[in-house]
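Here is what each chain is made of, one letter per residue.
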Amino acid sequence: MSAAARPFDLIATDLDGTLLRSDHTVSERTLRALAAATAAGAVHIVVTGRSASWTRPTLDAIGYTGLAVCGQGAQVYDAGAHRELTSVTLDRRLAQLALAKIEAETGPLLTAVSQDGLDGDFLAGPGYRLLGDDPVTRCDPSGFWERPITRMFLQHPTLDDDELALTAREIAGQLVDVVLAGPGFVEVLPLGLSKATGLALAAARLGVTKDRAIAFGDMPNDLPMFRWAACGVAMANAHPTLLTAADEVTLSNDEDGVAVVLEHIFPQH
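Note that the structure is a prediction, hence the values are computed from the model and not measured.

Draft legend 1. Examining the overall build of the protein more closely. A count of helices and strands for the protein gives 9 helices and 14 strands. In terms of overall size, the protein behaves like a compact globule, its C-alpha atoms giving a radius of gyration of 18 Å where 269 residues would be expected to give roughly 18 Å. Each principal axis of the C-alpha atoms in the protein carries an extent, and together these give about 60 × 35 × 30 Å. When the 269 residues of the protein are sorted by exposure, 53% land in the buried category. Put simply, of all contacts in the protein between residues at least 6 apart along the chain, 58% involve residues at least 24 apart. For the protein, the computed accessible surface area is about 11400 Å², with 53% contributed by carbon and sulfur atoms.

Draft legend 2. Molecular detail of the packing of helix α2 (residues 28–39) against helix α9 (residues 257–265). Orientation of α2 relative to α9, taken along the N-to-C sense of each, is 35°, at an axis distance of 9 Å. As α2 runs across α9, the sense of the crossing is left-handed. Contacts between α2 and α9 pair Arg29, Thr30, Ala33 and Leu34 from the former with Val258, Ala259, Val260, Leu262 and Glu263 from the latter.

Draft legend 3. Seen up close, the nonpolar core. In this structure, Ile11 and Ile214 are the most contacted members of the largest nonpolar core, which totals 53 residues. Broken down by element, the residue count for this core peaks at 5 residues, all from α9. With residues up to four places along the chain from it excluded, the contact list for Ile214 reads Phe8, Leu10, Ile11, Ala12, Ala229, Cys231, Val233, Val261 and Ile265. Grouped together as the second largest cluster of nonpolar side chains are 23 residues, Leu90, Ile149, Ala168 and Val176 included.

Draft legend 4. Region of interest: the sheet that holds strand β6 (residues 110–115). Read from one edge of the open sheet, 6 strands run β8-β7-β6-β9-β11-β10, paired in mixed fashion. Across the chains shown, the open sheet's two edge strands, defined by having one partner strand only, are β8 (137–138) and β10 (176–182). Here β6 runs beside strand β9 (residues 149–155); their pairing, made up of 6 bridges, is antiparallel. Its bridge partner being in β9, Leu110 is matched across the sheet by Gln155. Helix α4 (residues 92–106) contacts β6, β9 and β10 of the sheet and is inclined by roughly 10° relative to β9.

Draft legend 5. Inspection of the sheet that holds strand β4 (residues 75–78) at higher detail. The mixed open sheet is built from 8 strands, whose spatial order is β5-β4-β3-β2-β1-β12-β13-β14. Each of the sheet's edge strands pairs with one partner strand only, and the pair in question is β5 (83–87) and β14 (248–249). As defined by bridge partners, strand β1 (residues 10–13) adjoins strand β12 (residues 213–217) across 4 bridges and the pair is classed as parallel. Counterpart to Thr13 in the pairing with β12 is Phe216. This element, helix α3 (residues 52–62), spans β2 (43–47), β3 (67–70) and β4 of the sheet and lies at about 30° to β4.

Draft legend 6. Quick look at α9. Among all positions of α9, only Gly257, Val258, Ala259, Val261, Leu262 and Ile265 are buried. Summarising the contacts, the buried residues of α9 are in contact with β1, α1 (15–19), α2, β12, β13 (231–234) and β14.

Draft legend 7. Geometry of the pattern of salt bridges. Scanning the model with the defined rule gives 10 salt bridges in all. Between Asp9 and Arg212 there is a salt bridge whose closest N-O contact spans 3.0 Å. Here the residue Asp9 occupies a position in the segment before β1, and Arg212 occupies one in the loop between α6 (195–206) and β12, the gap between them amounting to 203 residues. Linking Asp14 and Lys195 is a salt bridge whose minimum nitrogen-to-oxygen distance equals 3.0 Å. With Asp14 in the loop between β1 and α1 and Lys195 in helix α6, this pair connects stretches of sequence that are 181 residues apart.

Draft legend 8. Up close: unusual backbone geometry. The phi dihedral of Gln72 is positive, around 60°, even though this residue is not glycine. When you line up the elements, Gln72 lands in the loop between β3 and β4. Among the residues examined, Gln72 registers a relative accessible area of 1% and is labelled buried. The backbone of Asp256 sits at a positive phi, close to 60°, despite the residue not being glycine. Inspection of the secondary structure assignment puts Asp256 in the loop between β14 and α9.

What counts, and at which threshold
- Residues numbered from 1 in each chain as written.
- Predicted model: local features only at pLDDT ≥ 70, side-chain atom pairs only at ≥ 80, totals over all residues.
- Heavy atoms only, no water.
- Helix = DSSP H or I, 4+ residues; strand = E, 2+ residues; numbered from the N terminus.
- Rg over C-alpha atoms; globule rule 2.2 N^0.38 Å.
- Buried < 20%, exposed > 50% of the residue type's maximum accessible area, 1.4 Å probe, protein only.
- Contact = heavy atoms within 4.5 Å.
- Areas by Shrake-Rupley, 256 points an atom, 1.4 Å probe, with all protein chains shown as cover.
- Axes fitted to C-alpha atoms, helices over the stretch in contact; angles between N-to-C directions.
- Left-handed = near helix turned anticlockwise from the far one by under 90°.
- Core = buried A, V, L, I, M, F, W, Y, C linked by side-chain atoms within 4.5 Å.
- Pairing = 2+ DSSP bridges.
- Salt bridge = Lys/Arg side-chain N within 4 Å of Asp/Glu carboxyl O.

Here you go:
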């Protein structure tokens, strides 16, 4: 397909709840639709809240070898070369100050951090709840600050995720950014960092521009990516905030919603 006939040059997809089904696999239909899009000249970039170290096994399993934006935009990762290309870290003093200010309002929080680098660990304090079987190192929160981190994670004994994210943003929003990335994942980021900033870096490396980009997502942390791209497509299973902001709503991740849209844009012959 010629560049003039191709409606989009860049396909940006979130992973969990979007590209991946609930069993953490990508369907054959979706793989075929992505292959047809790339055969037509488009490029695919995975954009995920997961750290590069957590993303690598999944990308290897689905045979993805392109660029991936990881850690809410903090890391640009070359999946084919297994190499981190860029990294942004969260100032640990600011993180501690933000945490103290938030806890002064909410009471004690359950916390975790993600260390920088492909060898970085996910450190979780007592009581912090994790879904799934991703690797985690349990430790006292005093050990969180010994090496660079990309993010801090917050949970509250009684506040739900939306309430906690809103409260944390109101209290510490001048120091850090706060996003809701998934159930149990209220994340504290460097101010100004988002999936969009990481995606812009990755797109520039590939020579593609935002006015030729379509983005797929399911959670509020995908909002900046939707604003950056020419078209934002929410999954049917998406958070209400994203459903409202999307240019289009497709079927759920378990119903191959990404493939449904791509098959229309890039017909398979």
